[in-house]
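Chain by chain, the residues run as shown.
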Amino acid sequence: LKSFTVTAGLVKYGAYAFTGCKALESFYVNALVLPEGMFYQADNLKNVTIGPDVNEIGEFAFRDTAVESFEIKEGNKAYQIGKKDYVLSADGKTLVAVAPSVSGAFSAEDIGGAEVTVLGEGAFSHNDAITSVNLPKVTVVSAQVFASSKNLEKVTLGELTEIGEYAFFETAISVLPKFTKDTVIGRYAFAFTDITSVTIPDGMEVAEGVFAECDHL
């Protein structure tokens, strides 16, 4: 199976529907939802075309693939139209997904200067080629955004109001992003990182395992 085309808008896929389809190289889909892990370990998948009816992309949908570009077709109202190595929400505020082929430093310039404020679930997860991210307008980091991006050393973000569970899990960051006592931080958000110093504001609640196995603390 090298190529797959689905045009029906009422098709519903279960999670991890095409896991391990190693010969799959391209995929056109116009189903309403791309579920969690849809193409997990589809090692040779390079091109994904997303039809006008798609309005949800689940976390880890493209984990461990070779995706280089996403083409969003005309008529899609959830995401910005065009062919790029990332997916942005229609209003340009949420970075939904980043192609696993993206490497090195990533900044606002790489997304056309869009003033992204939210990083969607798992957007950069399991990308060992990413080394730094500079998106200074971001205030919300959703769950698993950078999880297991093991060579990510530096993030430059805004003052965060929300940090999802496992957001920075198993990264190489040594300095915490900015947050306040009112910031909601999810479980294991900074576990297994290289963080060297932590200052907890008075009155802040620290969730389960937030700094677990941080050997440099």
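Coordinates for the structure precede this section.
Just so we're clear, the structure is a prediction, and the values are computed from it rather than from any experiment.

Turning to the side chain of T193, a few remarks are in order. Its location among the elements puts T193 in the segment after β16 (179-185). Within the local environment of T193, its side chain forms a polar contact with the backbone oxygen of F190, the two atoms lying 2.8 Å apart.

Our next topic: the pairing of strand β12 (residues 130-135). In this structure, strand β10 (residues 104-107) lies alongside β12, joined through four bridges in parallel fashion. By the bridge assignment, A105 is partnered in β12 with S132. With four bridges connecting them, β12 and strand β14 (residues 154-157) associate as parallel partners. Paired with L135 across the two strands is L157, which belongs to β14.

Not every positive phi belongs to a glycine, and Q144 is a case in point at roughly 60°. Here Q144 lies in the loop between β13 (140-141) and β14. The phi dihedral of E170 falls on the positive side, at around 60°, and the residue is not glycine. Take E170: it is sitting in the loop between β15 (160-163) and β16.

Moving on: the sheet that holds β12. Across a sheet, strands are paired by hydrogen bonds formed along the backbone, either parallel or antiparallel in direction. A sheet is described by the order of its strands in space; here three strands give the open sequence β10-β12-β14, paired in parallel fashion. Bordering the open sheet on either side are β10 and β14, each of which pairs with just one other strand. Shown here is a sheet whose adjacent strand axes are inclined to one another by a mean of 15°, direction ignored.

Thresholds, definitions, all that
- Residues numbered from 1 in each chain as written.
- Predicted model: local features only at pLDDT ≥ 70, side-chain atom pairs only at ≥ 80, totals over all residues.
- Heavy atoms only, no water.
- Helix = DSSP H or I, 4+ residues; strand = E, 2+ residues; numbered from the N terminus.
- Polar contact = N/O pair within 3.5 Å; in protein donor to acceptor, adjacent residues only side chain to side chain.
- Pairing = 2+ DSSP bridges.
- Axes fitted to C-alpha atoms, helices over the stretch in contact; angles between N-to-C directions.

Without other data, these values stay purely geometric and don't point to any function.
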